[in-house]
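So you can see what is in the structure, the chains are spelled out below.
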Amino acid sequence: MRVQQDFPIPGVLFRDLTPVLADAAALRAVTRALAHAHGPVDVVAGLESRGFLLAAAAAAVLGTGVLAVRKPGKLPGDVLSESFELEYGTGTFQVHPSDVPDGARVLVLDDVLATGGSATAACRLVERAGGTVAGVAVAIELVDLGGRAALGPVPLVALRRW
Ligand SMILES: O=P(O)(O)OC[C@H]1O[C@H](OP(=O)(O)OP(=O)(O)O)[C@H](O)[C@@H]1O
Ligand SMILES: Nc1ncnc2[nH]cnc12
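As annotated in an unreviewed UniProt entry, the protein chain is Adenine phosphoribosyltransferase from Nakamurella endophytica. Taken from UniProt, the Function (unreviewed entry) comment for the protein chain reads in full: "Catalyzes a salvage reaction resulting in the formation of AMP, that is energically less costly than de novo synthesis." Of the protein chain, the UniProt comment under Subunit (unreviewed entry) reads exactly: "Homodimer."

Right, here's the structure in full:
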């Protein structure tokens, strides 16, 4: 992992996981651990953008499909939307409700949990679309930013805590 001070804005200590993704053994280990974090699931949800990489890899391991949790204006047709606060701004996520089979157990994956705004919004979208959140799994949890508390009762697995 690369740590970068003052990125993308002053005051943020940015944790960049691209070196982990670029290493075959590390990517395999992280993917497998995340894929199996919350038992059997029907779908893996990936949070745009960095979560897409891990979710697609985990879904290939599990033999499931991927739910694309996208930034606004990217999905055609009917969408559900949730807005949230981030460490360095605000955001909105959208999903196609038709991509979540009724009652599907959904594993929500991302690289980093910071304030928890992104993951909480993704969990709300899964539930509103008719799925059940099996849990959230991330490679890194930034403990000082309170994401675990923000998620409330949703089970969280973090491979590393900083
Ligand atoms: O817990 P939170 O405070 O919500 O922050 C975590 C989110 O922030 C980063 O994404 P970012 O919004 O920077 O988008 P990107 O994946 O497109 O780089 C990261 O990949 C998580 O999705
Ligand atoms: N400090 C941080 N490093 C990497 N990704 C983040 N997402 C939100 N805060 C972050």
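After that view, the rundown keeps rolling.
Novice: Hey, could you run me through the site of ligand 1 in this one?
Specialist: Contacts to ligand 1 come from 16 residues, most closely from Ser49, Tyr88, Asp110, Thr115 and Ser118. The side chain of Arg50 places a nitrogen or oxygen atom 2.9 Å from an oxygen atom of ligand 1. In this structure, Gly116 approaches ligand 1 through a main-chain N or O atom, which is 2.8 Å from an oxygen atom. When residues of the shell around ligand 1 are traced back to their parent elements, those giving at least two are β7 (105-113) and α4 (117-128). The element that contributes the greatest number of residues to the shell around ligand 1 is β7, accounting for four residues. A breakdown of the residues in the shell around ligand 1 according to their chemical character gives five nonpolar, five polar and six charged.

Novice: Please explain helix α3 (residues 50-62) as it appears in this structure.
Specialist: Along an α-helix, residues three or four positions apart point the same way, because every turn accommodates 3.6 residues. Here α3 is 13 residues long and its end C-alpha atoms lie 19 Å apart, about the 18 Å a rise of 1.5 Å per residue gives. At its buried positions, α3 is contacted by α1 (18-22), α2 (24-35), β3 (43-47), β4 (65-69) and β7. Within two residues after α3, Gly63 carries a phi angle of roughly 75°, on the positive side.

Novice: I would appreciate a short explanation of the side chain of Asp16 in the present structure.
Specialist: Following the sequence through the fold, Asp16 ends up in strand β2 (residues 13-16). For Asp16, a relative accessible area of 14% corresponds to the buried category. Looking at Asp16, its side chain comes within polar contact range of the side chain of Arg2, at 2.6 Å. A polar contact is formed between the side chain of Asp16 and the side chain of Thr18, at a distance of 2.9 Å.

Novice: I would appreciate a short explanation of the packing of aromatic side chains in the present structure.
Specialist: Two descriptors summarise a pair of aromatic rings, namely the distance from one centre to the other and the angle between the planes of the rings. Across all of its chains, the model carries two aromatic pairs by this definition. Geometrically, the ring pair formed by Phe7 and Phe14 is edge-to-face, given 4.9 Å between the ring centres and 75° between the ring planes. Classification of Phe14 by relative accessible area gives buried; the value is 12%. Ring centres 5.0 Å apart and planes at 40° place the aromatic pair Phe84 and Phe93 in the tilted group.

Novice: Got a minute to help me understand α2 in this structure?
Specialist: Relative to the 16 Å expected for twelve residues at 1.5 Å per residue, α2 spans 16 Å between its end C-alpha atoms, a close match to the ideal helical length. Within α2, the full set of buried residues consists of Val30, Thr31, Leu34 and Ala35. Considered in projection along α2, the buried side chains sweep an arc of 125° and stay on one side of the axis. Where α2 is buried, its residues meet α1, α3, β7, β8 (132-141) and β9 (156-161). Measuring from the backbone nitrogen of Ala25 back to the side-chain oxygen at the start of α2 gives 3.2 Å, which picks out Asp23 as the cap.

Calculation criteria
Residues numbered from 1 in each chain as written. Chains lettered and ligands numbered in written order. Predicted model: local features only at pLDDT ≥ 70, side-chain atom pairs only at ≥ 80, totals over all residues. Heavy atoms only, no water. UniProt positions renumbered as here; feature names shortened; annotations may be inferred. Near = heavy atom within 4 Å. Polar contact = N/O pair within 3.5 Å; in protein donor to acceptor, adjacent residues only side chain to side chain. Helix = DSSP H or I, 4+ residues; strand = E, 2+ residues; numbered from the N terminus. Nonpolar A, V, L, I, M, F, W, Y, C, P; charged D, E, K, R; others polar. Expected span 1.5 Å × (residues − 1). Contact = heavy atoms within 4.5 Å. Buried < 20%, exposed > 50% of the residue type's maximum accessible area, 1.4 Å probe, protein only. Phe/Tyr/Trp six-rings, centres within 6.5 Å; stacked < 30°, edge-to-face > 60°. Arc of directions from axis to C-beta.

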